[in-house]
Amino acid sequence: MTQSTAPPLVAPGDPPPTDADASPPAPASTERSPGRSTARSARRSLAGAALAAALRLRRVSGLIAVLLLWWLGSGQGWLGSTTPSPGSVWSAAVELVRSGEYTHHLGVSLERVGKGLAIGIPLGIALGLAAGLTRAVEDVIDAPIQAFRMLPHLALAPVFIIWFGIGETSKTMLILIGPIFPLYINVLHGIRGVDNRLVEAARSCGLSRWGLTRRVILPGALPQILVGLRQALGIGWLTLVVAEQTATTSGIGYLMTDAREFLRTDVMFVVLVTYALLGVLSDLLVRLVERRALAWRRGYTGR
Amino acid sequence: MATHSGGLTTAPAPAVRITSLVREFAGRRVLDELDLSIAPDEFVALIGRSGSGKSTLLRVLGGIDHEVTGYEELTAPENVSVVFQDARLLPWKRVLDNVALGLPGSDAEARARTALAEVGLAGRENAWPVELSGGEQQRVALARSLVRDPELLLADEPFGALDALTRLRMHTLLKQLCARHRPAVLLVTHDVDEAIALADRVVVLDHGRIAADLRVDVPAPRSPGTARYAALRDELLTLLGLDPTAGTVPEPADPGASQPTDTTPKNAKGSDL
Ligand SMILES: Nc1ncnc2c1ncn2[C@@H]1O[C@H](COP(=O)(O)OP(=O)(O)OP(=O)(O)O)[C@@H](O)[C@H]1O
Ligand SMILES: [Mg+2]
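Conventions we followed
- Residues numbered from 1 in each chain as written.
- Chains lettered and ligands numbered in written order.
- Predicted model: local features only at pLDDT ≥ 70, side-chain atom pairs only at ≥ 80, totals over all residues.
- Heavy atoms only, no water.
- Helix = DSSP H or I, 4+ residues; strand = E, 2+ residues; numbered from the N terminus.
- Buried < 20%, exposed > 50% of the residue type's maximum accessible area, 1.4 Å probe, protein only.
- Contact = heavy atoms within 4.5 Å.
- Areas by Shrake-Rupley, 256 points an atom, 1.4 Å probe, with all protein chains shown as cover.
- Near = heavy atom within 4 Å.
- Polar contact = N/O pair within 3.5 Å; in protein donor to acceptor, adjacent residues only side chain to side chain.
- Nonpolar A, V, L, I, M, F, W, Y, C, P; charged D, E, K, R; others polar.
- UniProt positions renumbered as here; feature names shortened; annotations may be inferred.
- Patch = residues over 30% accessible without salt bridge, like charges linked within 9 Å, V, L, I, M, F, W, Y side chains within 5 Å.
- Salt bridge = Lys/Arg side-chain N within 4 Å of Asp/Glu carboxyl O.
- Lys, Arg positive; Asp, Glu negative; His and termini not counted.
- Charge placed at Lys NZ, Arg CZ, Asp CG, Glu CD.
- Expected span 1.5 Å × (residues − 1).
- Pairing = 2+ DSSP bridges.
- Axes fitted to C-alpha atoms, helices over the stretch in contact; angles between N-to-C directions.
- Left-handed = near helix turned anticlockwise from the far one by under 90°.
- Phe/Tyr/Trp six-rings, centres within 6.5 Å; stacked < 30°, edge-to-face > 60°.

Caption draft 1: Region of interest: the overall build of chain A. Broken down by element type, chain A carries twelve helices and zero strands. Per-residue burial for chain A yields a buried fraction of 36% across its 303 residues. Long-range pairs, those at least 24 residues apart, make up 72% of the contacts in chain A between residues at least 6 apart in sequence. Summed over all atoms, the accessible surface of chain A reaches about 18000 Å², with 66% contributed by carbon and sulfur.

Caption draft 2: Broad picture of the environment of Pro 91 of chain B. With respect to the element layout, Pro 91 of chain B can be found in the loop between strand E5 (80-83) and helix H2 (95-99). Look at Pro 91 of chain B and you get buried, because its relative accessible area is 19%. Spatially, the C-alpha atom of Pro 91 of chain B lies 9.7 Å from that of Glu 131 of chain B, the residues being 40 residues apart in sequence. Beyond its immediate chain neighbours, meaning those up to four positions away, Pro 91 of chain B contacts Leu 198 and Trp 296 of chain A together with Trp 128 and Pro 129 of chain B.

Caption draft 3: Representation of the site of ligand 1. All names here are of chain B. Near ligand 1 there are 13 residues, and of these Arg 28, Ser 50, Lys 54, Ser 55 and Thr 56 occur at the shortest range. The separation between an oxygen atom of ligand 1 and a polar main-chain atom of Gly 51 is 2.8 Å. In this structure, an oxygen atom belonging to ligand 1 sits 3.0 Å away from a main-chain N or O atom of Gly 53. When isolated, ligand 1 has an accessible area of 630 Å², and the protein chains bury 59% of it. Among the secondary structure elements, those contributing two or more residues to the shell around ligand 1 are strand E2 (28-38) and helix H1 (54-61). Residue classes in the shell around ligand 1 are distributed as two nonpolar, seven polar and four charged.

Caption draft 4: Representation of the environment of Asn 186 of chain A. Residue and element names in this part refer to chain A. Mapped onto the secondary structure, Asn 186 falls in helix H8 (residues 168-192). By relative accessible area, Asn 186 is classed as buried at 7%. When the C-alpha atoms of Asn 186 and Gly 228 are compared, they prove to be 5.2 Å apart, with 42 residues separating the residues in sequence.

Caption draft 5: Main features of the UniProt feature "domain: ABC transmembrane type-1" (unreviewed entry) in chain A. Following the UniProt record, one finds the feature "domain: ABC transmembrane type-1" (unreviewed entry) at residues 106-290 of chain A. Strand forms 0% of residues 106-290 of chain A and helix 85%; the C-alpha atoms that close the span are 27 Å apart.

Caption draft 6: Representation of the side chain of Arg 88 of chain B within the structure. For Arg 88 of chain B, the location among the structural elements is in the loop between E5 and H2. Under the relative-accessibility criterion, Arg 88 of chain B is labelled buried at 15%. In terms of polar contacts, Arg 88 of chain B uses its side chain to reach the backbone carbonyl oxygen of Arg 197 of chain A, at 3.4 Å. Within the structure, Arg 88 of chain B has its side chain in polar contact with the side chain of Glu 200 of chain A (distance 3.2 Å). In this structure Arg 88 of chain B touches Arg 197, Leu 198, Glu 200 and Ala 201 of chain A together with Arg 144 of chain B, once residues within four positions along its chain are discounted.

Caption draft 7: How the structure looks around unusual backbone geometry. Residue Leu 263 of chain A is not a glycine yet carries a positive backbone phi of 55 degrees. Examined against the element boundaries, Leu 263 of chain A turns out to sit in the loop between helix H11 (252-261) and helix H12 (265-293). Unlike most non-glycine residues, Ser 20 of chain B shows phi in positive territory, near 50 degrees. Classification of Ser 20 of chain B by relative accessible area gives buried; the value is 19%.

Caption draft 8: Region of the structure containing a positive patch on the surface. Residue and element names in this part refer to chain A. Judged by side-chain charge, Arg 56, Arg 58, Arg 59 and Arg 291 come together as a positively charged surface patch. In terms of residues, the positive patch owes the most to one element, helix H3 (residues 34-76), which gives three residues. Relative to the helices and strands, Arg 58 is located in helix H3.

Caption draft 9: Layout of the UniProt feature "transmembrane region" (unreviewed entry) in chain A. As recorded in UniProt, the feature "transmembrane region" (unreviewed entry) lies at residues 46-72, 116-136, 148-166, 172-191, 232-255 and 267-289 of chain A. With 100% helix and 0% strand, the stretch residues 172-191 of chain A has end C-alpha atoms that lie 29 Å from each other.

Caption draft 10: How the structure looks around helix H4 (residues 86-99) of chain A. Over its 14 residues, H4 of chain A extends 20 Å from the first C-alpha to the last, a length consistent with the 20 Å expected when each residue adds 1.5 Å. Of the residues one or two after H4 of chain A, Gly 100 of chain A is the one with positive phi, at around 85 degrees.

Caption draft 11: Quick peek at the sheet that holds strand E1 (residues 16-25) of chain B. Residues and elements named next belong to chain B. Sheet architecture is open: three strands sit in the order E2-E1-E4, paired in antiparallel fashion. Here the strands that pair on one side only, and so sit at the sheet edges, are E2 and strand E4 (73-75). Between one strand axis and the next, the sheet turns by 35 degrees as a mean value, whatever way the strands run. Its contacts with the sheet place H1 against E1, E2 and E4, and it is angled at close to 120 degrees to E1.

Caption draft 12: The arrangement of the pairing of E2 of chain B in detail. Residue and element names in this part refer to chain B. Both E1 and E2 contribute to a ladder of seven bridges, which runs antiparallel. Bridge assignment links Phe 25 to a residue of E2, and that residue is Arg 28. What sits between the antiparallel neighbours E1 and E2 is a turn of two residues, in which Ala 26 has the positive phi angle 50 degrees.

Caption draft 13: Highlighting a nonpolar patch on the surface. Among the surface-exposed residues, Leu 68, Leu 69, Trp 71, Leu 72, Trp 78 and Leu 79 of chain A lie close enough to one another that they form a single nonpolar patch of about 670 Å² accessible area. Along the chain, Leu 68 of chain A turns up in helix H3.

Caption draft 14: Main features of the UniProt feature "domain: ABC transporter" (unreviewed entry) in chain B. As annotated in UniProt, the feature "domain: ABC transporter" (unreviewed entry) corresponds to residues 16-232 of chain B in the numbering used here. Between the C-alpha atoms that bound residues 16-232 of chain B there is a distance of 25 Å. The span itself is 31% helix and 26% strand.

Caption draft 15: Quick look at the packing of helix H5 (residues 101-133) of chain A against helix H10 (residues 209-243) of chain A. All names here are of chain A. Two elements in contact, H5 and H10, have axes separated by 9 Å at closest approach and are oriented at 145 degrees. Our pair here, H5 against H10, has a crossing hand that is right-handed. Here H5 contributes Ser 109, Leu 110, Arg 112, Val 113, Leu 117, Ile 121, Leu 129 and Leu 133 to the contact with H10, which in turn contributes Arg 209, Thr 213, Ile 217, Leu 218, Leu 229, Ala 232, Leu 233, Gly 236, Trp 237 and Leu 240.

Caption draft 16: Inspection of the packing of aromatic side chains at higher detail. Residue and element names in this part refer to chain A. As enumerated under the stated definition, the model contains five aromatic pairs over all chains in all. With a centroid separation of 5.2 Å and 85 degrees between ring planes, the pair formed by Phe 160 and Phe 164 is classed as edge-to-face. Taken together, the positions of Phe 160 and Phe 164, both in helix H7 (residues 157-164) and four residues apart, correspond to about one turn of that helix. Ring geometry for Trp 163 and Phe 164: centres 6.2 Å apart, planes at 90 degrees, overall edge-to-face. Note on Phe 164: relative accessible area 31%, which makes it partly exposed. These aromatic residues form a ring-pair network of at least three members: Phe 160, Trp 163 and Phe 164.

What follows is the structure, encoded as structure tokens:
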């Protein structure tokens, strides 16, 4: 049978049929008994939707329980007389938004974080890339960066105020410093962790050094880089809290300090919830990027 | 290349010529003044004990090893492709992009498509490598090598991780592909039967040198039943330091011992496919 094959070269021992099978038979079988299978698939999709709804409910159930406990606890006085109820926090939030204060302070804070991260993140990535791709650079910059990393950067706040004044520069600088380290470390480790066998195979396909970097090393390091990005964002928010605690008259941190002066715990809670939401949102953003960029991982989609 | 001028009688310039190749690892000599040459279009199987330096030799020829200790002559074509035991596809690139990796020209994608069709994977262009079976991944790797139209194809136990049946199918496929693309081939294998089934020549690596260089003169349907096949097989097994009579026992007592001996029954059964 082998001898009879003319030009087209599909393996006669035919593993292909298994591949060819994979797609065509599916529609064929639906045609055979259209009524029954649509009914069955409709039932299945209904059950699937119910299951998905149940899963979604399960995912938010913990959050709802916490809110419920808070509400109950503040109503019954379990949480002490200084803890505001969710209701009073909500009305404080509405009032703040209405007066325009909230938007103003949130805007200022977002600008500070935005500026800091806009410089800190690229800087961290650049340092990580430089060290990861070139041994000589790693040899030179790794030791100082590791030393700086051990220094809790928040301790620099008073020093920065002396160096850069009490204005925006000192705050931006503080927020800028934090994210550099997690990104540097994760980018470097991500690159070092790329499977050398893949690099070899790709190089034997004739990729240049740049092609190798772009198509093999960076995609291979990407999961780790995204971990670094998540840590960096977390640190960014944390630094914002510290940066806005002193020497400022704007930002949600100021809102908090100001509320403390007047024992407005409801306003303080509005700020706390804001911090939580900002953290969750930025994490969600990275997760979205992750889902798109790492779709090649087994089990990442459709589960 | 300047190979097609001569007739059948005059030997064309070899695709590979190695003389006195030495490769040491931390002072330990793995390749010891090794000589080998491979003609264009020639299919050479390289066998040898584990640790004898087969992969080392292949890596030198593939330009992956940049720390060769010494040589007198080391000629290999510019255009070399390597297939490894594990497919080594980039998991973040779809199958088609893996095949087209590093291919120059605007027709790269079309050529990759053709190559995938050749290995029977048309329709799977957009799959992720993790979605393929081991045999399918290895076929993609084969397509990735051959789409470059290499003058020399290096394969390091490319079918070692596959089951016996898939392996036989891959043999047929590889034979066809080689007949079409006509590269010189150096195939590393543990399997004496695989070597006899595929190669024009079998070379045995031992103590860092080519210890034997045998032409496979078994007539066309190389079925294990023939006397010439059995004689060559016995000779190769002996060269590998195995007792050939032990290899002809119909049912291997211990399939766990992954020596070439336990392939006999599988191949005997598979030969009628
Ligand atoms: N990078 C390396 N560093 C040190 N020693 C090495 C290295 N690569 C190979 N060797 C040594 O060289 C010898 C030959 O290795 P090689 O991988 O070529 O063997 P092989 O014939 O391919 O074996 P197998 O059949 O098991 O794959 C081995 O003893 C191995 O330990
Ligand atoms: Mg090996």
